[in-house]
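# Overview (structure and organization)
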Amino acid sequence: MKTTKKRSLAAAIAVLPMLAVTACAGGSGGGDSASGEITYWLWDSNQQPAYEQCATDFAAANPGSTVSIQQFGWDDYFQTLTTSLVGGDAPDVITNHASFFPQLASTGQLLPLDDVVESEGIDFDDYQAGIPELWVGEDGERYGLPKDWDTVATIYNAQYLADAGLTPESLQDLSWNPEDGGTWEQTIAHLSVDANGVRGDEPGFDASNVAVYGLGLKSKSGIGAFGQTQWSPYALSNDWTYADKNPFGTDFNYDDEKFVESIEWWQGLIEKGYMPSYQAASSGVGIQEAFGAGRYALATDGSWNAKTYFSFEGVEAGIAPLPKGPDGERAGVLNGLADSVLSTTDQPELSKKWVGYLSSAACQDVVAEAAVVFPALNSSSEKAATAFADAGIDVSTYYDAVAAGETELAPIANHWLDVLAVMEPAMESVLIGQSDPESLADASGEVDQLFAND
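What this report covers is the structure whose coordinates are included nearby. (Residues numbered from 1 in each chain as written. Predicted model: local features only at pLDDT ≥ 70, side-chain atom pairs only at ≥ 80, totals over all residues. Heavy atoms only, no water.)

## Considerations on the sheet that holds strand E6 (residues 152–157)
Remark on secondary structure: sheet strands pair via backbone hydrogen bonds, oriented parallel or antiparallel. Taken together, the 5 strands give an open sheet; going across it, the order is E7-E8-E9-E6-E10, and neighbouring strands pair in mixed fashion. On the outer flanks of this sheet lie strand E7 (193–194) and strand E10 (317–320), each paired with one strand and no other. Bridge count between E7 and strand E8 (residues 210–215): 2 bridges; the pairing is antiparallel. Considered in E8, the bridge of Val 193 is made with Val 212. Set on the sheet, helix H8 (residues 182–191) makes contact with E6, E7, E8 and strand E9 (296–302); between it and E8 the angle comes to about 160°. (Pairing = 2+ DSSP bridges. Helix = DSSP H or I, 4+ residues; strand = E, 2+ residues; numbered from the N terminus. Contact = heavy atoms within 4.5 Å. Axes fitted to C-alpha atoms, helices over the stretch in contact; angles between N-to-C directions.)

This is how it looks when you write it as structure tokens:
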């Protein structure tokens, strides 16, 4: 079912350009002034209150304008968007993801925003380095204004560390390798505890009856092609890259030996009982909730979810760096969302004005105070770090990773929906033990075929 959904989504987007042109031609008459009502879509409910405040402030500063905000879950966001485009009831402005925008832009679904940059006097030197560049299409035009930035780190249960005789400091300089897992796997093994209280590095550990897994597993969320919160810290620190170039790569490296051996080691944590099965991780209980319920000692997750880990009663959480890889370096994915205007909007001027406002300090400071994500604007990002600290959450590990250059940019390419449709089921098959990691080479061939005619 999942493969069918994504393939149908890709097919739907492929036939949308004519619909977009028709809608723009027929709906532009009422959009000549920055007034009226527009609809803005989000996929993170935790951020909605801050953006509701931004919408209220925007309306006060622009009499006669209204911004209606709608929120959809991440797993269904782009499917719902495509359905709305086909059905003619699409929103005006969307929260957009860097990996998905090229396919939307190349099929005529997004309006260029270079004129907004000029009219609003936006200086991209004021934003997190590397993020603004993500949103320039192959045609040289800009299709998104920076909204926030994110990367990943290790979340730990402080009590479980203490019970195991470990400290937060012991997590600061761990390393992994595909042969024996290094000190990272040793730590994960020691933090794993079976139902009889036996640890994963002790004789008699029952891998089939685990009470606490050393490392949590996050299902879905681009696990096959992106792996930001799953396998990317391992593959990227094993001298591997997503494709021949980024952005707009056309020759992907999912068949590379470095990738295959990284996945083989990572999948092996399931067999050893140090990480839950993919079936268990997909059972409907998310990684954050499982952590809060005491099922995981460690989790790899993004900065946008950090606050959730600190919200569970009776659980003291902390944040530590990712492990170093065989190359001696850490590597997490650096991504950044942006706001885009759909070409089907009846209110292009008001929509662009709203997007400009979303990228400004007036809105991004409001988002910063909510202490949920890190705004793209540097001054607002600093305020977010302070707001997190005031809430008792030290997020400096995320900031330090970016400052130290321990990140790689998110993969950006055309046909990303099709890439997901190939790689998601291929990776899931490996994780549940139906296929060997070497089978990913076949999937990689399918991915490259998507770009054969470009």
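## Notes on the packing of aromatic side chains
The tally for this structure, following the rule as stated, stands at 38 aromatic pairs. Each ring, one from Trp 74 and one from Phe 78, has its centre 5.9 Å from the other, and the planes form 90°; the classification is edge-to-face. Note that Trp 74 and Phe 78 are positioned in helix H4 (residues 74–87) at a spacing of 4 residues, about one turn of the helix. Aromatic ring contacts, followed pair by pair, group Trp 231, Trp 240, Tyr 242, Phe 252, Tyr 254, Phe 259, Trp 416 and Phe 451 into a single cluster. (Phe/Tyr/Trp six-rings, centres within 6.5 Å; stacked < 30°, edge-to-face > 60°.)

## Description of the packing of helix H10 (residues 257–272) against helix H18 (residues 416–431)
The interhelical angle for the contact between H10 and H18, taken along N-to-C directions, is 50°, at an axis separation of 10 Å. When the interaxial angle is binned, H10 and H18 end up oblique. Contacts from Phe 259, Ile 263, Trp 266, Gln 267 and Ile 270 in H10 reach Met 427, Val 430 and Leu 431 in H18. Of the residues that constitute the contact of H10 with H18, the class distribution is 7 nonpolar, 1 polar and no charged. (Parallel < 35°, antiparallel > 145°, perpendicular 65-115°, else oblique. Nonpolar A, V, L, I, M, F, W, Y, C, P; charged D, E, K, R; others polar.)

## Some details on the pairing of strand E1 (residues 36–42)
Burial of E1 is extensive: 5 of the 7 residues sit out of reach of the surface. Of the strand pairs in this sheet, E1 and strand E2 (residues 65–71) are connected by 7 bridges, and their pairing is parallel. Bridging across to E2, Glu 37 finds its partner in Thr 66. Chirality of the crossover, the property in question, places the unit of E1, helix H3 (residues 48–61) and E2 among those that are right-handed. Examined bridge by bridge, E1 and strand E3 (residues 93–96) share 2 bridges and lie parallel to one another. In the sheet register, Tyr 40 faces E3, and the bridge partner there is Val 93. (Buried < 20%, exposed > 50% of the residue type's maximum accessible area, 1.4 Å probe, protein only. Right-handed = clockwise from strand over helix to strand, strands pointing away.)

## Overview of the pattern of salt bridges
Side chains that differ in sign of charge can pair as their charged atoms come close. What the rule picks out here adds up to 7 salt bridges. In this structure, Asp 301 and Lys 218 form a salt bridge, with 2.9 Å as the shortest nitrogen-oxygen distance. Within this pair, whereas Asp 301 is found in strand E9, its partner Lys 218 is found in the loop between E8 and helix H9 (232–236), the two being separated by 83 residues in sequence. Across this residue pair, the class does not change: Asp 301 and Lys 218 are buried. Of the charged contacts, one joins Glu 406 and Arg 330 as a salt bridge, the two residues approaching to 3.4 Å between their closest N and O atoms. Placement of Glu 406 in the loop between helix H17 (396–403) and strand E14 (407–409) and of Arg 330 in the loop between E10 and strand E11 (332–334) is noted, with a sequence separation of 76 residues between them. Residue Glu 406 shares its accessibility class with Arg 330, and that shared class is buried. (Salt bridge = Lys/Arg side-chain N within 4 Å of Asp/Glu carboxyl O.)

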